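# Working through the structure, step by step
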Amino acid sequence: AFEEACVEKNALRAYAATYSKLEDVQKDDSPWKPVFEGHLLKSVYANTAELKVLIENTADMQWISISGTDAPETVLVDSELESKNDFGVAMHKGVLRVASDVHDAIAPFLEPTKALRITGHSVGGAAAHAIAYRLSRAGHSIEQCVTFGAPKFTDAAGARKLEKADLALLRVTASDDAVTALPP
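So, a few notes on the structure that sits alongside this text. (Residues numbered from 1 in each chain as written. Predicted model: local features only at pLDDT ≥ 70, side-chain atom pairs only at ≥ 80, totals over all residues. Heavy atoms only, no water.)

## Considerations on the pairing of strand β6 (residues 115–121)
Most of β6 is tucked away: six of the seven residues are buried. Both strand β3 (residues 61–66) and β6 contribute to a ladder of six bridges, which runs parallel. Across the sheet, W63 pairs through a bridge with R117, a residue of β6. Across six bridges, β6 lies against strand β7 (residues 142–148) in parallel orientation. Within β7, the residue paired with R117 across the bridge is Q144. Handedness of the crossover is the feature at issue here: the chain leaves β6, passes through helix α6 (residues 123–137), returns alongside β7, and the resulting connection is right-handed. (Buried < 20%, exposed > 50% of the residue type's maximum accessible area, 1.4 Å probe, protein only. Helix = DSSP H or I, 4+ residues; strand = E, 2+ residues; numbered from the N terminus. Pairing = 2+ DSSP bridges. Right-handed = clockwise from strand over helix to strand, strands pointing away.)

## So, the environment of I142
Tracing the backbone shows I142 in strand β7. Sequence separation between I142 and A99 is 43 residues; the distance between their C-alpha atoms is 16 Å. In contact with I142, not counting residues within four places along its chain, are L116, I118, A132, L135, S136 and L167. (Contact = heavy atoms within 4.5 Å.)

## Structural notes on the nonpolar core
Counting 35 residues, the largest nonpolar core has I64, I66, M91, V102, I106, I118 and I131 as its most contacted members. Secondary-structure elements contributing two or more residues to this core are β1 (40–46), β2 (51–57), β3, α5 (93–106), β6, α6 and β7. For this core, the element with the highest residue contribution is α6, accounting for nine residues. Ignoring sequence-local partners within four residues, the contact set of I118 consists of N10, I64, I66, A128, I131, A132, L135, I142, Q144, C145 and V146. Judged by nonpolar contacts, the second largest core, of nine residues, contains A17, W32, F36 and L54. (Core = buried A, V, L, I, M, F, W, Y, C linked by side-chain atoms within 4.5 Å.)

## Looking at the sheet that holds β3
Judged by pairing direction, the sheet is mixed, and its six strands sit side by side in the order β1-β2-β3-β6-β7-β8 without closing on themselves. Whereas interior strands pair on both sides, the edge strands pair on one side only; in this sheet they are β1 and β8 (169–172). Ignoring which end each strand starts from, the neighbouring axes of this sheet average 15 degrees apart. As defined by bridge partners, β2 adjoins β3 across five bridges and the pair is classed as antiparallel. Each residue of the ladder has a partner; that of I55, found in β3, is I64. Each of β2, β3, β6, β7 and β8 touches α6; the most contacted strand, β6, lies at about 155 degrees to it. (Axes fitted to C-alpha atoms, helices over the stretch in contact; angles between N-to-C directions.)

## Quick word on the packing of aromatic side chains
By the definition in use, this model includes three aromatic pairs. Ring centres of Y15 and W32 lie 6.1 Å apart, and the angle between their planes is 35 degrees; on these two criteria the pair is classed as tilted. Of this pair, Y15 sits in helix α1 (residues 4–19) while W32 sits in the loop between α2 (22–25) and α3 (33–36); the two residues are 17 residues apart in sequence, bridging distant segments of the chain. A residue is classified by how much of its surface remains accessible, and Y15, at 46% relative accessible area, is partly exposed. With a relative accessible area of 12%, W32 lands in the buried category. Taken together, the aromatic side chains of Y15, Y19, W32 and F36 make up a single cluster linked through ring pairs. The side chain of R13 reaches across the aromatic face of W63, ending 3.5 Å from its centre. Above the face of the F87 ring, R134 is positioned so that its terminal group lies 4.8 Å from the ring centre. (Phe/Tyr/Trp six-rings, centres within 6.5 Å; stacked < 30°, edge-to-face > 60°. Lys NZ or Arg CZ within 6 Å of the ring centre and 35° of its normal.)

What follows is the structure in structure tokens.
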């Protein structure tokens, strides 16, 4: 389900969401042109979470690329689990706030007839996974979800529930990245 080029483009999309401005991505001479392939792009901002999201449209698909945070530990301070929420899986309250904010920011732009590919970095990656699960439960077709350096956002029971959802998920981590082991 995940070719090397696909994973690379997901990483570049998450990087672009985090570090680039929409107008720079859309320039004719942009180094991002091979990544976004001239697709229509929108940029939305999840205000509470302070995350930027790029929404990319093709004729039959939408990409959602969620930025990371400068200091993910500020979001993860609230690691208490909240079991009753709109996502249908127990989530750490800090990540729940971020995922809810990002979901609410992108919801008006989602086209239910199009397949979704979702990617994110750091806390944006944890939000991407949670949003993919929520949208899948709501009937959206999730083609894939790829996260980079994402912290954990649920407990063992929640992880088993997510595993049964049959989402095409790839969680890319580095062995020396402490964020991926948070919260303990």
